[in-house]
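# Working through the structure, step by step
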Amino acid sequence: MTGGRLLTGWGGTAPTRATVLSSGDGPALAEAVRYAGERGVIARGLGRSYGDAACNGGGIVVNMTARADVLAWDLDRGLISVEAGLSLNELLALAIPHGWFVPVLPGTGQVTIGGAISADVHGKNHHAGGTFCRHVASFDLLTADGLVRTVTPNADFEVFWATAGGMGLTGLVLRATVRLVQVETAWMVVDTERAADLDTVLAELADGDERYPYSAAWVDLGTGGARTGRGVLTRGRHARRDDLPPAMRSGSLLYRPRHQLTVPPGVPRQVLNRCSLSMFNEAWYRRAPRHRRGELQPMSDFLYPLDAVGRWNRLYGSRGFVQYQFVLPFGAEVALRRVVAQITASKHAPFLAVLKRLGSADPGPLSFPIAGWTLALDLAASPELGPLLDQLDDLVAEAGGRVYLAKDARMRASVLPRMYSRLDDFRAIREALDPRRVFNSDLARRLAL
Amino acid sequence: MIDALGTPQSLLLLGGTSDIGLAIAYRYLSLRRIRIVLAGRASDRLDAASARLIAAGASVETVEFDAANTDPHESLIEGIFAMGDIDVAVVAFGLLDQQCIGDLRPSRAVEIARVNYLGAVSVGVTLARAMCRQGHGAIVALSSVAGERVRGSNFLYGSTKAGMDAFYTGLGDCLAGSGVRVVVVRPGHVRTKMTAHLPDAPLATTPDAVAAAVTNAVWSGRQQVWVPRLMRPVMSVLRHLPRSVFRRLPL
């Protein structure tokens, strides 16, 4: 099935038209790849990349979500082989009742396995668990020659790690085998506390690395002065059976997906303005307990904060929004404070900024995480935002940091090599795998990947 | 790509010495270094425009282009797209003569019609086809309020602009859903080299003001722009005046 459609990323900006191929079987895909036109092919999952990573103006976009079967399951060892269109949330719902858990989950479960590999996603436990691809035993990659190869980190180190975070440009990930980890319950034990300013948030997060496998902080960047960067820390660990009250122990592995309210289409873009944002930020801060220890939360509530409200991207109206997520290495706290100061001083108030510590980097040349502080903020799209973010890019690049490609929708191509020092390694592998540029996307063209 | 915040990476000016076209280029250049293709007749003015854009940080290519000679348009524009995506193309060429009927030679009238209408149609179709293939882009057509209701004192220019305005407005609707947008710009009297010999009209504006309106429309997706905005209600009134009254107005 094919048809032309206007596509955007989750941010809803810069639509382009592509021919959408709803993938049926492997041979059809291999044929699409072999006979791709000059605009090329890119895979698309659930469209949660904020920018143009899964858009391909004038080319082919393969909708992978129809390929969502479980292929093999080794319950003893926790190895599961699935098709790439299965979502992480579906995978989690399958695994939990058997006492297995998906070891890396980003802020939403609405991400396909293929998307998780291509963006090499991280979660609140990155400092303890690394990126998603660290837990991938192998995947099947349909490459530009139309052949399917099984890629493992040992036998094909370079191709494996170029695909991890490679934004779909090495080939179509068709299937993957994921190593799950064991858990005793579907619950988390969560500590929540407020911190009055940015320095306290940083100190608290740094202090908690050892104690909490999962941690993140929401920070308020809409409020200036001494309260700049005040935040709410939520940190936790998996609950053991004996953490649960006896009455809950029998159903301890019952997984409840988040129940969703959905934002209707047609929200005017004026709804999120400086005033409503600052009221929201104030309420969010006040509503958090000063300090609460050991609260039991259902896994999905803790892990998927972004799934509390469906289609929340519509809140930004027809012009959309961008998410700016960067990481700065530890030791570059001065740069982090400068970025925060510039954002707070601007008239672009972010709605929900999230700060977290990342652990050491994995080998992917385009894989985003490096050891350091990562800050993600959502900003309503407007032309005036451009110069500010360009400035922040320079600041981040100079301090040894980088911007997350799965979130990007506006960066200059010229700053990319300054952020990803191993960009040329990636380009060399792409050149070897795909000299015809069969795999291409708006992101790849925009950033000259 | 026109990015999420409305900044293009490449700009094509058809009519490479147009003051309004160059003002649009400078406006984008104040934000980012972009690639600019200047298409126009070879002249010192074109070279000077290119040099100034390079000095302002652009990477510039110049291409020889004559709006009146429509035969080579397709191969020429296809050649430009073959060098890389064009995100925004500005149709900025046009001829303006103010002549009374006694002085107007038929051959000059046909030349003006050929440039302003046929030339615009020829590049419009070619641009639309090329941009549809790339799945994105914006075509900016510099029309004029003169085409909204054609005056006796400017009937030739007005009629060509009426035609090109209708063409690009319809083209925009035809391209709905294609990822390609058409922005029809209707400025009033703009103080440029084209109008230097004319007295200032009421609601006169500048190339910079037109450029600001254009970049804003490219970002927001608006398909019709009046500069200044007051021109819209003013022209709405003028459009509905009885002909006997309109004819007597000192316009």
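This write-up is about the structure you can find in this document. (Residues numbered from 1 in each chain as written. Chains lettered and ligands numbered in written order. Predicted model: local features only at pLDDT ≥ 70, side-chain atom pairs only at ≥ 80, totals over all residues. Heavy atoms only, no water.)

## Observations concerning the pattern of salt bridges
Quick reminder of the rule: Whenever Lys or Arg places a side-chain nitrogen within 4 Å of a carboxyl oxygen from Asp or Glu, that contact is recorded as a salt bridge. Secondary structure counts use DSSP, requiring at least four H or I residues in a row for a helix and at least two E residues in a row for a strand, with both numbered from the N terminus. Residue burial is assigned from relative accessible area. The probe radius is 1.4 Å, only protein chains are included, and a residue is buried under 20% of its type maximum, exposed over 50%, and partly exposed in between.
One pass over the full model with this rule turns up 41 salt bridges over all chains. A salt bridge links Asp-394 of chain A to Arg-418 of chain A; the nearest nitrogen and oxygen atoms lie 3.4 Å apart. Highlighted residues: Asp-394 of chain A in helix α11 (residues 385-398) and Arg-418 of chain A in helix α12 (residues 416-419), separated in sequence by 24 residues. The class of Asp-394 of chain A is partly exposed, set by a relative accessible area of 22%. Of the residues examined, Arg-418 of chain A reaches a relative accessible area of 42% and is grouped as partly exposed. With a shortest N-O distance of 3.1 Å, Glu-431 of chain A and Arg-437 of chain A are connected by a salt bridge. Overlapping salt bridges bring together Asp-52, Asp-390, Asp-393, Asp-394, Asp-408, Arg-410, Arg-412, Arg-418 and Arg-446 of chain A together with Asp-3 and Arg-32 of chain B as one network.

## Observations regarding helix α4 (residues 106-134) of chain B
All names here are of chain B. To be explicit about the condition: The span expected for a helix works out to 1.5 Å for each residue beyond the first. Think of it this way: the bend at a residue is just the angle between two axes, each fitted to seven residues, one set ending at that residue and the other starting at it.
In a regular helix each residue adds 1.5 Å, so 29 residues correspond to 42 Å; α4 covers 41 Å between its end C-alpha atoms and thus fits that length. Of all the bends in α4, the greatest, near 35 degrees, is centred on Arg-114. Note on α4: the residue one or two positions beyond its end, Gly-135, has a positive phi of about 80 degrees.

## Examining unusual backbone geometry
The linkage connecting Val-227 of chain B with the following residue, Pro-228 of chain B, adopts the cis geometry, with an omega of -10 degrees. Residue placement: Pro-228 of chain B occurs in the loop between β7 (224-227) and α7 (231-240). Unlike most non-glycine residues, Arg-311 of chain A shows phi in positive territory, near 50 degrees. Tracing the sequence through the fold places Arg-311 of chain A in the loop between β17 (309-310) and β18 (321-329).

## Some details on the packing of aromatic side chains
All names here are of chain A. As a reminder of what qualifies: Stacked, edge-to-face and tilted are the three classes for Phe, Tyr and Trp ring pairs, Trp counted by its six-membered ring, which pair at centre distances within 6.5 Å; planes under 30 degrees apart are stacked, over 60 edge-to-face, the rest tilted.
Counting across every chain of the model gives 12 aromatic pairs over all chains. Relative to Phe-160, the ring of Phe-139 lies with its centre 5.1 Å away and its plane at 25 degrees, an arrangement referred to as stacked. Of this pair, Phe-139 sits in strand β8 (residues 136-142) while Phe-160 sits in helix α5 (residues 157-163), and the two are 21 residues apart along the sequence. A single burial state applies to Phe-139 and to Phe-160, both of which are buried. Between Tyr-324 and Phe-326, the aromatic rings sit 5.7 Å apart at their centres with planes inclined by 45 degrees, giving tilted as the arrangement. For the residue pair Tyr-324 and Phe-326, the accessibility class agrees, reading buried in each case.

## Some details on the interface of chain A and chain B
Using the following cut-off: Contacts were defined at the residue level, with two residues in contact if any of their heavy atoms lie within 4.5 Å. Two parts lose some accessible area (1.4 Å probe) when they are put together, and adding that loss for both gives the buried area. By the criterion applied in these results, polar contacts are pairs of N or O atoms within 3.5 Å in which, for protein atoms, one can donate a hydrogen and the other can accept it, and in which residues neighboring in sequence qualify only through two side-chain atoms. Charged means Asp, Glu, Lys or Arg here, nonpolar means Ala, Val, Leu, Ile, Met, Phe, Trp, Tyr, Cys or Pro, and polar covers whatever is left, Gly included.
If you look at the interface, chain A gives 26 residues, while chain B gives 18 residues. Counting each side, the surface lost to burial between chain A and chain B is near 1,800 Å², with a carbon and sulfur contribution of 61%. Scanning the region where chain A abuts chain B turns up two salt bridges. The closest approach of N and O atoms between Arg-32 of chain B and Asp-390 of chain A, which form a salt bridge, is 2.8 Å. On the surface where chain A and chain B come into contact, there are nine residue pairs in polar contact (both at pLDDT 80 or more). Looking at the side of chain A that touches chain B element by element, the count peaks at five residues for α11 of chain A. Per-class residue counts for the side of chain A that touches chain B are 10 nonpolar, six polar and 10 charged.

Everything listed here is a matter of coordinates, which is why it stays silent on function.
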